[in-house]
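So you can see what is in the structure, the chains are spelled out below.
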Amino acid sequence: MNTSILFLSFIILSLLLSLLIFLSSYKIKTWMNYYKCYEFKNKKEVINFYAKGECVDLVDQHDESYFKDILKLISQTLQPNSKLLDLGCGSGNLSYLLSYSYNVIGLDLNPFPKDSKLKLSERLQYIRGDALNLPFKENSFDGIIMHSVIEHIQDVERVLLNVSKVLKVNGIVVIVSPCLITPAIPLTALFRLLRGRKGIPVWGESLKMCIINIFRFTLFLCHKIVLYCMGKTDFRYRLPDLRKAREIGGDADAVYWANPFDIIIFLCNQNFDVIDKKTSILQGLKGGTKIIAKKGDLYTKVRNKK
Ligand SMILES: C[S@@+](CC[C@H](N)C(=O)[O-])C[C@H]1O[C@@H](n2cnc3c(N)ncnc32)[C@H](O)[C@@H]1O
């Protein structure tokens, strides 16, 4: 039997289990505690962490082959010479590749790396700034790219509202991130451990942790799917493991339990048309969320409804 069938049967079994829990009037709050959910408090520590460039060092190796998929996605979606914002651009490697065809501004909490090989020009600018307080006028960009960033944002709703503000009508937002709430990650960790390899920090470093997390994330995922069907968002944040980020890489330093469900519903509620979504709960850390959405014209929509 292949792994997807196994995985699907597992999901169905877990759905039945969650239903049983509900039916036995299990208190929802206790059920929710299967996964940690934090009201994010220590914002400053996280801002400082990212501004110190821990993350940028890790992403500096990202090259053209790493960005192949997103470059293809953008070239199919946005006209050449459009004005783009690469939000949370890190070392600026993606911004640089985009600047061959577009006018790009890269923005990050970090200053532009002094030893960078990238040449800034009229087509490639770099601004040190915070996605929570974007320093641009309304309707400034034809496209906004968020590549591997949303999982590091402490107030995703606020950032998406900012994105909507600085994007032109009919402008495009492209969001690529992992899906961090899938049991596929602890399941992968379990297979790795069984083959004598290292597990995955946060999701499964030991066999016990993998098994607990497979259940925990199945419930988390089911909860998200139910809310998605109801058209509701529920952004959940986690205490990032800042200590381990440099040592282990990966997404131990993520602050938001990134998933496609919240983002799609939120964008739709903000008058965006989701024109393409490639989501895979099987992919987990390796992608899992790819969303392209177009900012709608509220006035036209209201007029058309009449
Ligand atoms: C994993 S890196 C991704 C970098 C780049 N987009 C890439 O794909 O190579 C995440 C980046 O988001 C930045 N970041 C985190 N919070 C931010 C914020 N509030 N405003 C701007 N940038 C932020 C970090 O500094 C870091 O450079």
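Residues numbered from 1 in each chain as written. Predicted model: local features only at pLDDT ≥ 70, side-chain atom pairs only at ≥ 80, totals over all residues. Heavy atoms only, no water.

1. Remarks on the side chain of S95
Part 1 of the argument: Relative to the helices and strands, S95 is located in helix α6 (residues 93–98).
Part 2 of the argument: With residues up to four places along the chain from it excluded, the contact list for S95 reads D86, C89, V104, G106 and L124. (Helix = DSSP H or I, 4+ residues; strand = E, 2+ residues; numbered from the N terminus. Contact = heavy atoms within 4.5 Å.)

2. Side note on unusual backbone geometry
Part 1 of the argument: Even without glycine at this site, N139 takes up a positive phi of about 55 degrees.
Part 2 of the argument: Here N139 shows up in the loop between β3 (124–128) and β4 (141–147).
Part 3 of the argument: Its relative accessible area of 40% is what places N139 among the partly exposed residues.
Part 4 of the argument: For V202, which is not glycine, the phi dihedral falls at a positive 75 degrees. (Buried < 20%, exposed > 50% of the residue type's maximum accessible area, 1.4 Å probe, protein only.)

3. Describing the UniProt feature "transmembrane region" (unreviewed entry) in the protein chain
Part 1 of the argument: On the UniProt side, "transmembrane region" (unreviewed entry) is annotated at positions that read residues 6–26, 169–191 and 211–230 here.
Part 2 of the argument: Taken as a whole, residues 169–191 contains 35% helix and 43% strand, while its terminal C-alpha atoms sit 46 Å from one another.
Part 3 of the argument: Across residues 211–230, the secondary structure splits into 95% helix and 0% strand, with the terminal C-alpha atoms separated by 29 Å. (UniProt positions renumbered as here; feature names shortened; annotations may be inferred.)

4. Regarding the side chain of R238
Part 1 of the argument: Relative to the elements of secondary structure, R238 occurs in the loop between α9 (207–229) and α10 (242–248).
Part 2 of the argument: Using a relative accessible area of 6% as the deciding quantity, one classes R238 as buried.
Part 3 of the argument: From its side chain, R238 meets the backbone oxygen of A252 in a polar contact 2.8 Å long.
Part 4 of the argument: At a separation of 2.7 Å, a polar atom in the side chain of R238 contacts the main-chain carbonyl oxygen of A254. (Polar contact = N/O pair within 3.5 Å; in protein donor to acceptor, adjacent residues only side chain to side chain.)

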